[in-house]
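Chain by chain, the residues:
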Number of protein chains: 2
Amino acid sequence: MPLRGKTREQLLASAAGLFHRQGFAATGMAQILEHSGTGSGSLYHFFKNKEDLLQGVLEHYAQRFEVEIAAPARQHADPIERLFAILGFYQLMLEQTSCQLGCPIGNLAGELADSHDSVREGLARLFALWRSEIKACLDAAQDRLAHGTDTEALAMLVLSVMEGGVMQARVERSLRPFENSVAMLRDYLNRLQA
Amino acid sequence: MPLRGKTREQLLASAAGLFHRQGFAATGMAQILEHSGTGSGSLYHFFKNKEDLLQGVLEHYAQRFEVEIAAPARQHADPIERLFAILGFYQLMLEQTSCQLGCPIGNLAGELADSHDSVREGLARLFALWRSEIKACLDAAQDRLAHGTDTEALAMLVLSVMEGGVMQARVERSLRPFENSVAMLRDYLNRLQA
DNA sequence: GTCTATACTTTGATAGAC
DNA sequence: GTCTATCAAAGTATAGAC
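None of the values given here were measured: they were computed from a predicted structure. (Residues numbered from 1 in each chain as written. Chains lettered and ligands numbered in written order. Predicted model: local features only at pLDDT ≥ 70, side-chain atom pairs only at ≥ 80, totals over all residues. Heavy atoms only, no water.)

## Observations concerning the pattern of salt bridges
- Counted under the stated rule, the structure contains 24 salt bridges over all chains.
- Here A:D117 ties to A:R120 by a salt bridge, and the two come within 2.7 Å at their closest N and O atoms. Taken together, the residues A:D117 and A:R120, both in helix α7 (residues 117-140) and three residues apart, mark about one turn of the helix.
- Judged by relative accessible area, which is 39%, A:D117 ranks as partly exposed.
- Among the salt bridges present, the one from B:D78 reaches B:R144, with a minimum N-O distance of 3.0 Å. Pair noted here: B:D78 is in the loop between α4 (50-73) and α5 (79-96) and B:R144 is in the loop between α7 (117-140) and α8 (151-172), with a separation of 66 residues, a long-range link.
- On the basis of relative accessible area, B:D78 is assigned to the partly exposed category, the value being 28%.
- Several salt bridges share partner residues, and in doing so they unite A:D114, A:D117, A:R120, B:R170 and B:R173 into one network. (Salt bridge = Lys/Arg side-chain N within 4 Å of Asp/Glu carboxyl O. Helix = DSSP H or I, 4+ residues; strand = E, 2+ residues; numbered from the N terminus. Buried < 20%, exposed > 50% of the residue type's maximum accessible area, 1.4 Å probe, protein only.)

This is the structure we're talking about:
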């Protein structure tokens, strides 16, 4: 089982992009084949069906989160700035796509969370990954926060603000709902530090 | 054009329920026919295609928001309690469905916001409806809030918290992400009133 | 591991009688 | 306004040679 094949990577990258743009059900296997430049034989050699391919995409997202978001954000020394650096990646994504696409995890969550339980579990793992990175920032800043602040609960709020902000920005085709939501969150964190 | 037909209503109710549970693309016209107990002829008499049916469902949601959520919430005299009463309807929905389903608008947003522009606009109108109701609560409480509070921006935050909280609750199959997010929001509003 | 051809199902939508 | 029959296209997945 050669997990290190260029074809497999191509398949995952194409599927991830198409699922992100069009959704899972609206993306056909044929379209993935065309976009990745591979044939049906290869696809079904690596993945036993469409849902299995999706699971691969979810793993792919976990790796990309670590490399493209979590690691770069850790370069910020201040933990609160680190937290907003994480949110900043989504702001950048919105800017670069004219507020289209939205969050790849959130989109799949809305479409599939109840349909396939294994997919739901995979999405839950991804959310947990984000939250634990956010919680780590908050824990590192805990001495500055109001005594008794529940950083786990606060991390859930941060993720809610991010997902809800991205969703509104996408539907509105405007950065404002995201920017405003994040600005209010920053105001809240400021008040928690007073 | 008889907008008052029982068949049309049935079709909309069935489609709304199925889209909510399974998503748009994953729901077949045949399934809607079966669930509503109508025939293909009736469906295509009232709606010219699947997307047109979806537009009907979006209007249906706008009416239900007014009747089932906005109007009942207005019975709370205190505007801040009125706001949390609106969020309370989603908490109730999560409780009654074991945290399945999620927000019908948010789910469709994640799946379809970029595919059909007219759908995106319909979803934007629905979000605007929610936000204006929330903003009205905040405006009514403005004298209690910190001077210069941007109630429009704050309303966006409230909607972000709601959508993000529901999304996490659904993926996690637990009420906690929603409860925690809303609790933190309440703490923020309390601090804005200090 | 990849290719080509294809089996089989379901899809959204239409036609025409009533 | 509703019924039944049906179409053409697209869907996922498989078979078997190379």
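## Digging into the packing of aromatic side chains
Residues and elements named next belong to chain A.
- Applying the stated criterion across every chain, the model contains seven aromatic pairs over all chains.
- For the ring pair F65 and W130, a centre distance of 4.5 Å and an interplane angle of 35 degrees mean the geometry is tilted. Highlighted residues: F65 in helix α4 (residues 50-73) and W130 in helix α7, separated in sequence by 65 residues.
- Residue F65 is classed as buried on the basis of its relative accessible area, which comes to 4%.
- Given a relative accessible area of 4%, W130 falls into the buried group. (Phe/Tyr/Trp six-rings, centres within 6.5 Å; stacked < 30°, edge-to-face > 60°.)

## Let's talk about the relation of the copies chain A and chain B
- Rotating chain A by 180 degrees and translating it 0.0 Å along the rotation axis places it on chain B, where the RMSD comes to 0.0 Å. Accordingly, the operation relating the two chain copies is best matched by a two-fold axis. Across chain A, the rotation axis passes nearest the C-alpha of A:G164, at a separation of 2.3 Å.
- The share of interface residues of chain A whose copies in chain B are also at the interface is 100%, consistent with both copies meeting through the same surface. (Least-squares fit on C-alpha atoms with pLDDT ≥ 70 in both. Contact = heavy atoms within 4.5 Å.)

## Remarks on the interface of chain A and chain B
- At the interface, 48 residues of chain A touch 48 residues of chain B.
- Across the chain A to chain B interface the summed buried area is about 4,200 Å²; carbon plus sulfur atoms make up 57%.
- Where chain A packs against chain B, one counts eight salt bridges.
- Across the pair B:E172 and A:R131 runs a salt bridge whose closest N-O atoms are separated by 2.6 Å.
- Applying the counting rule to chain A against chain B returns 24 residue pairs in polar contact (both at pLDDT 80 or more).
- The dominant element in the side of chain A that touches chain B, judged by the number of residues it contributes, is helix α8 (residues 151-172) of chain A, at 16 residues. (Buried area = accessible area lost by both parts, 1.4 Å probe. Polar contact = N/O pair within 3.5 Å; in protein donor to acceptor, adjacent residues only side chain to side chain.)

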